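One letter stands for each residue in the lines below.
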Amino acid sequence: SSDGGWLSYMNNTHTGGYGLKIKAGGDSGDYAFLVENQDSSFHKFKIDGDGVTTMNAVSGSNTITPALHLMKINSSGSGGDDAGAAIDFWAENADGGTNQLTSRISGFAQSATGGSGFNGGLKFFVTSDGYNPVQALHIDQTKNATFSGD
């Protein structure tokens with residue numbers, strides 16, 4: 001690979017404009033988006049026409065292999081304790097198609113004093129109203145778990 005040797009490059013110069021829109025097939029047998037390895041023998045990332053998304057990470061051993069890196073970046077300064085990225089889970093309401101937040105998993109920094117040696121933990125949230133996540137489980141850097149509620 002060579003730095004800057006892109007097959008294609010798109011640049012949206014309108015700060016208020018949209019990015020990229022792809023219209024594709026509408027069922028699970030169609031691809032809306034597909035990334036393969038060089039010889040097309042392996043799907044690295046795909047979105048099927050029905051919205052199911054698959055990411056594959058290749059490893060030469062039977063170990064846990066990172067397939068996704070989520071990063072939280074503070075656009076107005078440096079990061080700090082209790083900051084991190086999250087995954088939100090949403091579901092469609094039974095009363096007309098409104099999507100609402102159901103739960104959240106977040107990774108967070110502890111002792112984020114600089115360098116690359118700070119600690120991290122996980123927080124698990126649930127909602128009872130579809131809007132406000134409430135922490136249900138906290139796992140800190142020492143592997144201590146704190147459950148909320150009964």
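Before reading on, note that the structure itself is shown above.
First, a word on what this report is: a plain description of the structure on this page. This one's a predicted model, so the numbers in the text were calculated from it and none came from an experiment.

Here we come to the environment of His14. Positionally, His14 belongs in the segment before strand E1 (31-36). In this structure, the C-alpha to C-alpha distance between His14 and His43, residues 29 residues apart in sequence, is 33 Å.

Turning our attention to a nonpolar patch on the surface. Among the surface-exposed residues, Met10, Leu20, Ile22, Phe33 and Val35 lie close enough to one another that they form a single nonpolar patch of about 480 Å² accessible area. Along the chain, Val35 turns up in strand E1.

Moving on to the packing of aromatic side chains. What the rule picks out here adds up to one aromatic pair. Between the aromatic rings of Phe33 and Phe45, the centroid separation amounts to 5.9 Å while the plane-to-plane angle is 70°, which identifies the pairing as edge-to-face. With a gap of twelve residues between them, Phe33 in strand E1 and Phe45 in strand E2 (residues 43-48) connect regions that are remote in the sequence. The cationic tip of Lys123 hangs over the ring face of Phe108; the distance from NZ or CZ to the ring centre is 4.7 Å.

This paragraph deals with the side chain of Asp48. Structurally, Asp48 can be placed in strand E2. Discounting residues that sit within four places of it in the chain, Asp48 has contacts with Asp27, Ser28, Asp30, Tyr31 and Ala32.

Once that is clear, we can look at the environment of His138. Structurally, His138 can be placed in strand E7 (residues 134-139). Here the alpha-carbon distance between His138 and Leu20, two residues 118 residues apart in the chain, equals 37 Å. In this structure, His138 is in contact with Phe108, Gln110, Leu122, Lys123, Asn144, Ala145 and Thr146, ignoring residues within four places of it in sequence. Side-chain polar atoms of His138 contact the side chain of Gln135, separated by 3.5 Å.

Quick look at the pairing of strand E6 (residues 119-126) now. Judged from the eight bridges that link them, strand E5 (residues 99-110) and E6 form a sheet pairing that is antiparallel. Bridge pairing in E6 links Ala109 to Gly120. As judged from the five bridges shared by E6 and E7, these two strands associate in the antiparallel manner. Bridge pairing in E7 links Lys123 to His138.

Here we take up the pairing of E5. In this sheet, E5 lies alongside strand E4 (residues 86-92) in antiparallel orientation, the contact comprising seven bridges. Along E5, the bridge assignment pairs Ala86 with Ser106. Counting the residues between successive antiparallel strands, the hairpin from E4 to E5 contains six residues, one of them, Gly96, with a positive phi of roughly 135°.

If you walk through the whole model with that rule in mind, you get three salt bridges. For Lys46, the salt bridge goes to Asp48, with nearest N and O atoms at 3.8 Å. Summarising the burial analysis for this pair, Lys46 and Asp48 share the class buried. Close ionic contact of Asp88 with Arg104 constitutes a salt bridge, the shortest N to O distance being 2.5 Å. One end of the pair, Asp88, is in strand E4; the other, Arg104, is in strand E5, with 16 residues separating them in the sequence. Judged by its relative accessible area of 33%, Asp88 falls in the partly exposed class.

What counts, and where the lines are drawn
- Residues numbered from 1 in each chain as written.
- Predicted model: local features only at pLDDT ≥ 70, side-chain atom pairs only at ≥ 80, totals over all residues.
- Heavy atoms only, no water.
- Helix = DSSP H or I, 4+ residues; strand = E, 2+ residues; numbered from the N terminus.
- Patch = residues over 30% accessible without salt bridge, like charges linked within 9 Å, V, L, I, M, F, W, Y side chains within 5 Å.
- Areas by Shrake-Rupley, 256 points an atom, 1.4 Å probe, with all protein chains shown as cover.
- Salt bridge = Lys/Arg side-chain N within 4 Å of Asp/Glu carboxyl O.
- Phe/Tyr/Trp six-rings, centres within 6.5 Å; stacked < 30°, edge-to-face > 60°.
- Lys NZ or Arg CZ within 6 Å of the ring centre and 35° of its normal.
- Contact = heavy atoms within 4.5 Å.
- Polar contact = N/O pair within 3.5 Å; in protein donor to acceptor, adjacent residues only side chain to side chain.
- Pairing = 2+ DSSP bridges.
- Buried < 20%, exposed > 50% of the residue type's maximum accessible area, 1.4 Å probe, protein only.

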